[in-house]
Amino acid sequence: MDLLENEAELVEKLCKRIKIKKERVKTRVLDVGCGTGKLGIYISEKIECDVRGIDPVEKNIEKVRKNSPQGKVKFEVQSAEKMNFTNKTFDVVVSLKALHEMANPEETLRESKRVLKAYGKIFIIDWVGGLAQTKSHAHAPKYFTREGLEKVLSEIGFTDIGIELNKGGELMLVEAVK
Ligand SMILES: C[S@@+](CC[C@H](N)C(=O)[O-])C[C@H]1O[C@@H](n2cnc3c(N)ncnc32)[C@H](O)[C@@H]1O
C-alpha cells in the first residue's frame, strides 16, 4: 500500500529508528489506529520484525486482512484506549494519523506505555495543531500542538521526547522512551 507524499519522509525516519533485535526473538511492533494497515504492512516489508495492528472499526480490520493476505501482520479489533495486551508486550508502538481520532488520546498514550517493555519506544506521526496549513481540516480542533503533545507524554512518564516536522511542516513525528 502506498504512502502519501506528506507522510513518506517521516515514515522512513521512523523505520530507520526501530531497533532490530539480533536474537531469535523478533522486535515486536504495535500499530495503534491501524485503519487499513498501511503503516504496519509497510514496516513489516521494510524490516525484520513482528507487527500487530489494532483498530476498533471491524470493517477496517476485515479490509486489512485482505491487504495482508499471508497473515504476516496480525490485525485485531481493539481500542487503543483499552487494549487486551498484557503489560510489557511490545518493543515499539507506532501510530500514523490516528491519535487525533481517538476519543481519549491521553488514555491511548497511557495504555501504550503500559504495553511497552522497559525502555520501549513510541513513535507517533500526526497532524500539527494550531497551524495555518491544518486549521481548515475537519478534525483540526483535536490536533495536538508540538508543545501540547510533549507535555502530555512527559506527564505520563515518557522520557527523551523528540519532535520533528515533515518538509511541509504540517505533520510531526514524535518519538519518546518508556
Ligand atoms: C485517519 S485514520 C488513519 C488510519 C491509518 N493509520 C492510516 O494512516 O491509514 C484514523 C484511524 O484511527 C482509528 N481509531 C479511532 N479511534 C480509535 C481507538 N480508540 N483506538 C484505535 N484506533 C482508533 C480509526 O478507526 C481510523 O482507522
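These numbers come from a predicted model, not from an experiment. (Residues numbered from 1 in each chain as written. Predicted model: local features only at pLDDT ≥ 70, side-chain atom pairs only at ≥ 80, totals over all residues.)

Enquirer: Pulling in residues and values, what's your account of the site of the ligand?
Expert: The immediate surroundings of the ligand are formed by 20 residues, with G33, G35, A80, L96 and A98 found nearest. Listing elements by their share of the shell around the ligand, those giving two or more residues are α2 (38-46) and β2 (49-55). Residue classes in the shell around the ligand are distributed as 10 nonpolar, five polar and five charged. (Near = placed C-beta within 6 Å. Helix = DSSP H or I, 4+ residues; strand = E, 2+ residues; numbered from the N terminus. Nonpolar A, V, L, I, M, F, W, Y, C, P; charged D, E, K, R; others polar.)

Enquirer: Hey, could you go over the environment of K97 for me, with residue numbers and the actual values?
Expert: With respect to the element layout, K97 can be found in the loop between β4 (90-96) and α4 (105-115). Owing to 19 C-beta atoms within 10 Å, K97 belongs among the partly exposed residues under this scheme. When the C-alpha positions of K97 and S112 are compared, they lie 16 Å apart, and in sequence the two are 15 residues distant. In this view, K97 contacts I125, D126 and W127; residues no more than four positions away in its chain are not counted. (Buried ≥ 20, exposed ≤ 12 C-beta atoms within 10 Å, placed from the backbone. Contact = placed C-beta atoms within 7 Å.)

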